[in-house]
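Given next are the chains, with one letter for each unit.
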Amino acid sequence: MQAKTIAFINFKGGVGKTATVVNIAANLAKFQGKRVLIVDLDPQCNSSVWLLQPDVWKHHVDDTTRSTFQIFEDQIVGTHRFDFDKAVLRGVPYGNGLPLIAKLDLLPASIHLLRLEDKLHQNRYAQFFKFLHQTLKPYHRSYDYIFLDCAPNLYSVTKNALFAADYCVVPYLPDFLSLSGFSILADEVEEFYSRVGGYLTGRKRPQIAALIVSHYRKVGNVFAHSINELEIQTNALRASGKIHAKAAILEPYIRHDVKVAESTSEHLPVVLYAPGCNGSQDYADLAVNFLKHFEDTL
Amino acid sequence: MTYGELSTRLEAVAANLHKHERTLEGQALSKATTTFAKALGSYEKKLADFLQGTAPGAREFEDLIKSPQAKKHLTLPALKVAFRQILGQALHEETAAKAKASLVKQVRAEGDFESAVVYLKEFFFRAASPLKVGEDKESLQAEFLRLGGLPDDELEFQLQHRFKTVGALKKLAKANAVNFTATTSKPKLIETIVHYARRAHQNVGT
């Protein structure tokens, strides 16, 4: 079976992209038996340092050929130094160096990704958006899901993620700033796909297929109103064809939970750090609904 | 260190012990050997426990029963339903903790982990997005009738999970001509709803 490749995108920062990627991936791998690969494409390396102790991460990516940076560097300078099997960290996170979730793998990022944008711009004549897809293609049969954790922008590396994806998921914070950004994001994504659609060769044109709400609080009606406005906007975007016809705001909304923030310092998905907390329970239910959405509904 | 590296080291240690068995001696080595054998014994037990869990579905069952979803959704009424569905028996425990322990013990004893996994996965799938009942009178009447036809433990579970608030129960009651006052308690409201829902199911049928 071919992996479903899903890009988690939003050009707004702090909306819970990495938390969504790490915790849904951990739940799918641990409790649903899915083989999941997280590809960290953010120069901030957040999913890498969430799932790895800093010294382990640093030691691994000190050799930049073992990071996602090398995927792009190879294409730009014409080398073949990226070796998937050496770069991939299997069974992350680790306890005393041993795997804690056997079916969860990570391709870590390094901060060198920061230097790539200029170089990619100098290579505009090339089909720069294909690099990631070409690299990951041979591994599509090794996984059920490949999650692309993107930086909060729509620059060249993120465009590689969009091209490599089968679907896009938008992590979302229930406030007006996110709402106003969402329709712009949908326009930008759609515009990108209309430009590169001809290169998809046999693949369905990807679209935004789901939204995931984080940091939800039941304080008065403030967040409920924001969600209502998001639903109205989602309906309009669905009707206009700018997002997938079956795009949905997946439930439950992830409640604000300090344990989720704490779990980053422990370098564990919250499901391993505090299985009984609200955040863990929300992510566990969300992972199940995520599966339903991507395997049955779409 | 990986498990592969550990197995290589153990093989090397085993080969050395075997080769030099008749010449090994001394207090320091004796003490270290005793400590190592003790640690090895405990490691062997942990490894055996893990490998025992590789019977079809066993590891998955152990993971699911300790998952955040189990903590959230496997309440006492839910466990009663699960017990009957998985094991075909009634559960008589009075607390969720005892009920869960009893379920785990029975499933392990019967060894049919795969059926338990199938049931739990389906249950968690449903629990993750509870069926939403429409707010209109007709939907609430249909729901009332459906509830009336459920077995006791399933009905208790559904009322607890899908009608958590007194407000939700009152909407259901109002749409089905079940009287209540502002001071009617939740247990009393449930009791009355159950009575009339059972009656409706009997009288109207499915």
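Not measured: the values here are computed from a predicted model.

So what's going on with the sheet that holds strand 1 (residues 4-8) of chain A? Residues and values would help.
Residue and element names in this part refer to chain A. Strand order in this open sheet of seven strands is 5-2-6-1-7-8-9, and the pairing throughout is parallel. Two strands bound the open sheet, and with one partner strand each, they are strand 5 (104-107) and strand 9 (248-250). Ignoring strand direction, the axes of neighbouring strands in this sheet form an average angle of 25 degrees. Strands in contact with helix 13 (residues 278-297) are strand 1, strand 6 (145-149), strand 7 (167-172), strand 8 (207-213) and strand 9; relative to strand 8, the strand with the most contacts, it is inclined by about 165 degrees.

Describe in detail the interface of chain A and chain B, supporting the description with residues and values.
On the chain B side, the residues contacting the 21 residues of chain A number 17 residues. Between chain A and chain B, a total of about 1700 Å² is buried, with carbon and sulfur atoms accounting for 57% of that surface. When residues of chain A are sorted by the area they lose upon contact with chain B, A:F31, A:L98 and A:D285 head the list and together hold 33% of the total. On the surface where chain A and chain B come into contact, there are three salt bridges. Between B:K72 and A:D285 there is a salt bridge, and its shortest N-O distance comes to 3.0 Å. Connecting chain A to chain B are six residue pairs in polar contact (both at pLDDT 80 or more). A total of nine residues in the side of chain A that touches chain B trace back to one element, the largest contributor, which is helix 13 of chain A. Split by residue class, the side of chain A that touches chain B holds nine nonpolar, six polar and six charged.

An account of the side chain of A:D105 is needed here, citing residue identities and associated values.
Residues and elements named next belong to chain A. One can find D105 in strand 5. A relative accessible area of 5% means that D105 is categorised as buried. Of note is the side chain of D105, whose polar atom sits 3.2 Å from the backbone nitrogen of G91. Within the structure, D105 has its side chain in polar contact with the side chain of Y143 (distance 2.6 Å). Setting aside anything within four residues of it in sequence, one finds D105 in contact with V36, L37, I38, V88, L89, R90, G91, V92 and Y143.

Kindly report on the packing of helix 8 (residues 137-148) of chain B against helix 11 (residues 186-204) of chain B, identifying the contributing residues and their values.
Residues and elements named next belong to chain B. Across the interface, helix 8 lies against helix 11 with an axial gap of 7 Å and an inter-helix angle of 90 degrees. One element, helix 8, and the other, helix 11, form an angle in the roughly perpendicular class. Residues F144, L145, L147 and G148 of helix 8 form the contact with helix 11, whose participating residues are I193, Y196, A197, R198, A200, H201 and V204. In the contact of helix 8 with helix 11, the residues fall into eight nonpolar, two polar and one charged.

Pulling in residues and values, what's your account of the domain arrangement of chain B?
By a widely used convention, the size of an interface equals the accessible area lost when the partners come together. Residue and element names in this part refer to chain B. When the domains of chain B are assigned, the result is domain 1 (58-128) and domain 2 (137-205). Taken residue by residue, the interface counts eight residues in domain 1 and seven residues in domain 2. In total, about 710 Å² of surface goes out of reach between domain 1 and domain 2, with carbon and sulfur atoms giving 56% of it. The largest per-residue losses of area from domain 1 upon contact with domain 2 belong to P77, V81 and R84, which jointly make up 55% of the total buried on that side. Counting every contact that joins domain 1 to domain 2 gives one salt bridge. At the junction of domain 1 with domain 2, the criterion picks out three residue pairs in polar contact (both at pLDDT 80 or more). Ranked by residues supplied to the side of domain 1 that touches domain 2, first place goes to helix 5 (residues 76-87) with five residues. Classifying every residue of the side of domain 1 that touches domain 2 by side-chain character gives four nonpolar, two polar and two charged.

What counts, and where the lines are drawn
Residues numbered from 1 in each chain as written. Chains lettered and ligands numbered in written order. Predicted model: local features only at pLDDT ≥ 70, side-chain atom pairs only at ≥ 80, totals over all residues. Heavy atoms only, no water. Pairing = 2+ DSSP bridges. Helix = DSSP H or I, 4+ residues; strand = E, 2+ residues; numbered from the N terminus. Axes fitted to C-alpha atoms, helices over the stretch in contact; angles between N-to-C directions. Contact = heavy atoms within 4.5 Å. Buried area = accessible area lost by both parts, 1.4 Å probe. Salt bridge = Lys/Arg side-chain N within 4 Å of Asp/Glu carboxyl O. Polar contact = N/O pair within 3.5 Å; in protein donor to acceptor, adjacent residues only side chain to side chain. Nonpolar A, V, L, I, M, F, W, Y, C, P; charged D, E, K, R; others polar. Buried < 20%, exposed > 50% of the residue type's maximum accessible area, 1.4 Å probe, protein only. Parallel < 35°, antiparallel > 145°, perpendicular 65-115°, else oblique. Domains from an automatic or database assignment.

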